[in-house]
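Okay, here's what each chain looks like letter by letter:
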Amino acid sequence: QELALKSLGNEGLFLFSSLDTNNDLYLSPEEFKPIAEKLTGVAPISEFEEEETPDPSGETLSLVAKFQPLVMETMTKSKDGFLGISHVALSGLRNWTTPAVPMGVMLARQFKAFLPPKNKLDLGDPWWIIPSELNIFTGYLPNNRFYPPPPKGKEVIIHKLLSMFHPRPFVKTRFAPQGAVACIQAISSFYYTIAFRIHAEFQLNEPPDFPFWFSPGQFTGHIILSKDASHVREFKLFVPNNRSLNVDMEWLYGASESSNMEVDIGYLPQMELESTGPSIPSVIHDDNGNVIDSRDPSGEPIQFVFEEITWQQEIPWEEAAQKLEVAMYPFKKVSYLPFTEAFERAKAEKKLVHSILLWGALDDHKPLSASPVPGSGRTLRETVLESSPILTLLNESFISSWSLVKELEELQSNRENEFYSKLADLHLEKYNFPVEMIICLPNGTVVHHINANHFLDITSMKPEDVESNIFSFSTNFEDPSTATYLQFLKEGLQRAKPYLQT
């Protein structure tokens, strides 16, 4: 390492390390491949695609990419005019204004990666197209990388699709939950509608600049394809844009994994891929098996007529999306309602509201990395919010909700509904960066709250070092996080008793 540093200098070693994926201080041909491709401009065909000998007469699907760049004004850093942030750091972001490949053609057979395995043929029963390899114990993948590893197996089609937006998609995110999950939404005699959700991110910078990670909250969509994948009727993939912030960004300021990292969130109005129509044969045969011209005698393209699909079983899109969400995030076995709806439901059911107020989203794949304690939101959702005693108590006694600070600030300033404005006001009064867990009455009165950083500090202490008995450790659970959060919820119920009895 010292010799390498001496030979290459800090920035040279940083680039070398970003390519040296197994950290053995030697670059194999596989590891050198991104540089070779960059210098020669030629990308070899991946192993997976070589194995698949495409049927020359198979059908092809035309896709169009639509992209509207990130709205820079939605970034927190824009409030002070990006003070102290070098123009170079954001260059990859500012320069990304159009899709890399606005129109593309793919073989219908390549979409067979979306077909269900034989044991997952029930509606809404999720399976992993690309399994997540990360969890709270494995940590996360390194930040100091520029070029995605070569995609393998079912990653190939996902990589190819995302490459229409930007040339450097990483189909496996640095943080859990990674991967792609799918379920059947509808079934007919010959077709499936498959709903899917993908967690992927892009690397916007290249050497000599430092890495800039662009991580949409999720990609979702559906595909209608024949059960043998010979025909694709419809395909759509998109980043949801229904929340006020839907992208997390992180960029490094130095040539090492421990270098300062800047983080921000922002709003991406549009990133979607859509088929222009059903897949069509690349070669057309007449009734006698002879190849015929794809244009009629007048020169007009031959029009194909597709049979109507009669669905025998189907579930609504919302139900399929919910199944995929719970597969990615077991903590979602508890329903998290929109902010105002949660209070209405709590009033109707005479329950308390368990509310999580965050700077960045709880159910996007990112770890809320702006927090001083690394990934406090991620730690919450991957430990306490997934544990069965917490899930049970939340389902029994609380109505749950999570909100972005930005959304509540907008609600607070909206004077058309004084009650909602007051609810937001009461929440924001208690908020401290990055995540605040709040328990309140249906009228918005806060009876208990704890900051995620304080919570994580408590749970990282030894039980004997905890002075306060408010969050005392229960001997019933070995995991101090679960015990402490359970105590927090029970304490909230206790404090609310006088109000609920009146």
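Residues numbered from 1 in each chain as written. Predicted model: local features only at pLDDT ≥ 70, side-chain atom pairs only at ≥ 80, totals over all residues. Heavy atoms only, no water.

Enquirer: Hey, could you run me through the packing of helix α10 (residues 405-413) against helix α11 (residues 418-430) in this one?
Expert: The relative placement of two packed helices comes down to the angle between their axes together with the axis-to-axis distance. Contact geometry for α10 and α11: axes closest at 8 Å, N-to-C directions at 135 degrees. Between α10 and α11, the crossing angle belongs to the class labelled oblique. Between α10 and α11 lies a crossing of left-handed hand. Side by side, α10 and α11 meet where V405, L408, E409, L411 and Q412 of the first sit next to Y420, S421, A424, D425, H427 and L428 of the second. The class makeup of the residues in the contact of α10 with α11 is six nonpolar, three polar and two charged. (Axes fitted to C-alpha atoms, helices over the stretch in contact; angles between N-to-C directions. Helix = DSSP H or I, 4+ residues; strand = E, 2+ residues; numbered from the N terminus. Parallel < 35°, antiparallel > 145°, perpendicular 65-115°, else oblique. Left-handed = near helix turned anticlockwise from the far one by under 90°. Contact = heavy atoms within 4.5 Å. Nonpolar A, V, L, I, M, F, W, Y, C, P; charged D, E, K, R; others polar.)

Enquirer: Honestly, the nonpolar core in this entry has me stumped. Any pointers?
Expert: The tendency in soluble globular proteins is for nonpolar side chains to be buried side by side. Ranked by size, the top nonpolar core spans 62 residues in total, and within it I356, L380, M437, Y485 and L489 carry the most contacts. Both domain 2 (59-324) and domain 3 (329-501) contribute no fewer than three residues apiece to this core. Setting aside anything within four residues of it in sequence, one finds L489 in contact with H354, I390, L393, L394, F398 and I439. With 56 residues, the next largest nonpolar core counts M164, V171, I187 and F214 among its residues. (Core = buried A, V, L, I, M, F, W, Y, C linked by side-chain atoms within 4.5 Å. Buried < 20%, exposed > 50% of the residue type's maximum accessible area, 1.4 Å probe, protein only. Domains from an automatic or database assignment.)

Enquirer: Is there a simple way to explain the side chain of S163 in this structure?
Expert: Secondary-structure assignment places S163 in the loop between α5 (155-162) and β4 (169-170). Look at S163 and you get buried, because its relative accessible area is 17%. Contact partners of S163, with chain neighbours within four places excluded, come to A100, V101 and P169.

Enquirer: In this structure, what is going on with the sheet that holds strand β8 (residues 212-216)? I would like to understand it.
Expert: Strand pairing in a sheet relies on backbone hydrogen bonds, with the paired strands running either antiparallel or parallel. A sheet is described by the order of its strands in space; here five strands give the open sequence β4-β7-β8-β11-β12, paired in antiparallel fashion. With one partner strand each, in any of the chains shown, β4 and β12 (261-266) form the two edges of the open sheet. Two strands pair when backbone bridges link them, and β8 and strand β11 (residues 247-252) are joined in this way by five bridges, in the antiparallel orientation. Within the sheet, the bridge partner assigned to F212 lies in β11 and is W251. (Pairing = 2+ DSSP bridges.)

Enquirer: I'm lost on the pairing of β11 in this one. Help?
Expert: If a strand is regular, its side chains alternate between the two faces of the sheet. Extensive coverage of β11 is indicated by the burial of six of its six residues. The two faces of β11 match: V247, M249 and W251 on one face and D248, E250 and L252 on the other face are all buried. Relative to β12, β11 is paired through six bridges, and the arrangement is antiparallel. If you follow M249 over to β12, its bridge partner there is D264.

Enquirer: Explain the side chain of T74 here, please?
Expert: Tracing the backbone through its elements, the reader meets T74 in the loop between β1 (59-68) and α4 (91-95). By relative accessible area, which is 17% here, T74 ends up buried. For T74, the side chain forms a polar contact with the main-chain nitrogen of Y267, separated by 2.9 Å. Apart from the residues within four sequence positions on either side, T74 is in contact with L245, I265, G266 and Y267. (Polar contact = N/O pair within 3.5 Å; in protein donor to acceptor, adjacent residues only side chain to side chain.)

Enquirer: It is not clear to me how the packing of aromatic side chains should be interpreted in this structure. Could you clarify?
Expert: Geometrically, a pair of aromatic rings is defined through the distance of the ring centres and the angle of the planes. Within the structure shown, the criterion is met by 20 aromatic pairs. Ring plane angle 45 degrees and centroid distance 6.1 Å describe the contact between F419 and Y420, whose orientation is recorded as tilted. Look at F455 and Y485: their rings are 5.5 Å apart centre to centre, the planes differ by 85 degrees, and that puts the pair in the edge-to-face class. Linking F455 in helix α12 (residues 452-460) with Y485 in helix α13 (residues 480-501), this pair joins segments that are 30 residues apart in sequence. The same class applies to F455 as to Y485, namely buried. Aromatic rings pair up to connect F67, W96, F165, F202, F214 and F219 into one cluster. (Phe/Tyr/Trp six-rings, centres within 6.5 Å; stacked < 30°, edge-to-face > 60°.)

Enquirer: Please explain the pairing of β8 as it appears in this structure.
Expert: With five of five residues buried, β8 lies mostly within the body of the structure. Burial along β8 is two-sided: F212, F214 and P216 facing one way and W213 and S215 facing the other are all buried. Pairing geometry for strand β7 (residues 201-203) and β8, over two bridges, is antiparallel. Pairing of Q203 across the sheet is with W213, part of β8.

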